[in-house]
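What the coordinates show
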Amino acid sequence: MSNYKKSDPIIHYPELELCSIEMIEQWLTDKKSEDDTFAILWYKNYLDRMFNHYRDMNDIDTCHKIDICISFIRCYCL
């Protein structure tokens, strides 16, 4: 990471490809209970970028998974 600074927070997040929707929702719920809005918004931004990537690859299943996660964030986390 060339742009990494010691003052930057490190977010250990569930990787979209490796985690189920339930695991991602649990991580988001934990962050909400910790009042970690920064991590939630960071993850939403990550999901938005990944959606564009998978849409370009025509990966409908992963796009659907991302849609579910973003809806969860909008409804329950923010």
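These lines cover the structure that appears in this document, whether it is placed above or below. (Residues numbered from 1 in each chain as written. Predicted model: local features only at pLDDT ≥ 70, side-chain atom pairs only at ≥ 80, totals over all residues. Heavy atoms only, no water.)

**Points about the pattern of salt bridges**
- Going through the model one piece at a time under the given rule, you end up with three salt bridges.
- Here E34 and K31 are joined by a salt bridge, their closest N and O atoms 3.5 Å apart.
- Ionic pairing is found between K44 and D48, a salt bridge with its closest N-O pair at 3.2 Å. Taken together, the positions of K44 and D48, both in helix α2 (residues 37-56) and four residues apart, correspond to about one turn of that helix.
- Relative accessible area serves as the criterion here: at 29%, D48 is assigned to the partly exposed category. (Salt bridge = Lys/Arg side-chain N within 4 Å of Asp/Glu carboxyl O. Helix = DSSP H or I, 4+ residues; strand = E, 2+ residues; numbered from the N terminus. Buried < 20%, exposed > 50% of the residue type's maximum accessible area, 1.4 Å probe, protein only.)

**Here's the deal with the packing of α2 against helix α3 (residues 60-77)**
- Across the interface, α2 lies against α3 with an axial gap of 9 Å and an inter-helix angle of 155°. When the axis of α2 is compared with that of α3, the two are roughly antiparallel. Two packed elements cross with a definite hand, and for α2 against α3 that hand is left-handed. Listed contacts from α3 to I40, Y43, K44, L47, D48, M50, F51, Y54 and R55 of α2 are T62, C63, I66, D67, C69, I70, I73, R74 and C77.
- When the residues that make up the contact of α2 with α3 are grouped by side-chain class, the tally is 12 nonpolar, one polar and five charged. (Axes fitted to C-alpha atoms, helices over the stretch in contact; angles between N-to-C directions. Parallel < 35°, antiparallel > 145°, perpendicular 65-115°, else oblique. Left-handed = near helix turned anticlockwise from the far one by under 90°. Contact = heavy atoms within 4.5 Å. Nonpolar A, V, L, I, M, F, W, Y, C, P; charged D, E, K, R; others polar.)

**Points about the packing of aromatic side chains**
- A full pass over the atoms with the stated rule returns seven aromatic pairs.
- Between Y13 and Y43, the aromatic rings sit 6.2 Å apart at their centres with planes inclined by 55°, giving tilted as the arrangement. Of this pair, Y13 sits in the segment before α1 (21-33) while Y43 sits in helix α2, and the two are 30 residues apart along the sequence.
- The partly exposed category is assigned to Y13, whose relative accessible area is 31%.
- Exposure remark for Y43: the relative accessible area of 0% places this residue in the buried category.
- Centroid distance Y13 to Y46: 5.0 Å. Interplanar angle 55°. Geometry classified as tilted. Of this pair, Y13 sits in the segment before α1 while Y46 sits in helix α2, and the two are 33 residues apart along the sequence.
- Since its relative accessible area comes to 6%, Y46 is described here as buried.
- Three or more aromatic residues joined by ring pairs form one cluster here, namely Y13, W27, W42, Y43 and Y46. (Phe/Tyr/Trp six-rings, centres within 6.5 Å; stacked < 30°, edge-to-face > 60°.)

**A word on the state of the cysteines**
- One pass over the structure, following the stated rule, counts zero disulfides.
- In this structure C75 is a free cysteine whose sulfur lies 9.3 Å from that of C77, the closest cysteine sulfur available.
- By relative accessible area, which is 58% here, C75 ends up exposed.
- Given a relative accessible area of 8%, C77 falls into the buried group. (Disulfide = S-S within 2.5 Å.)

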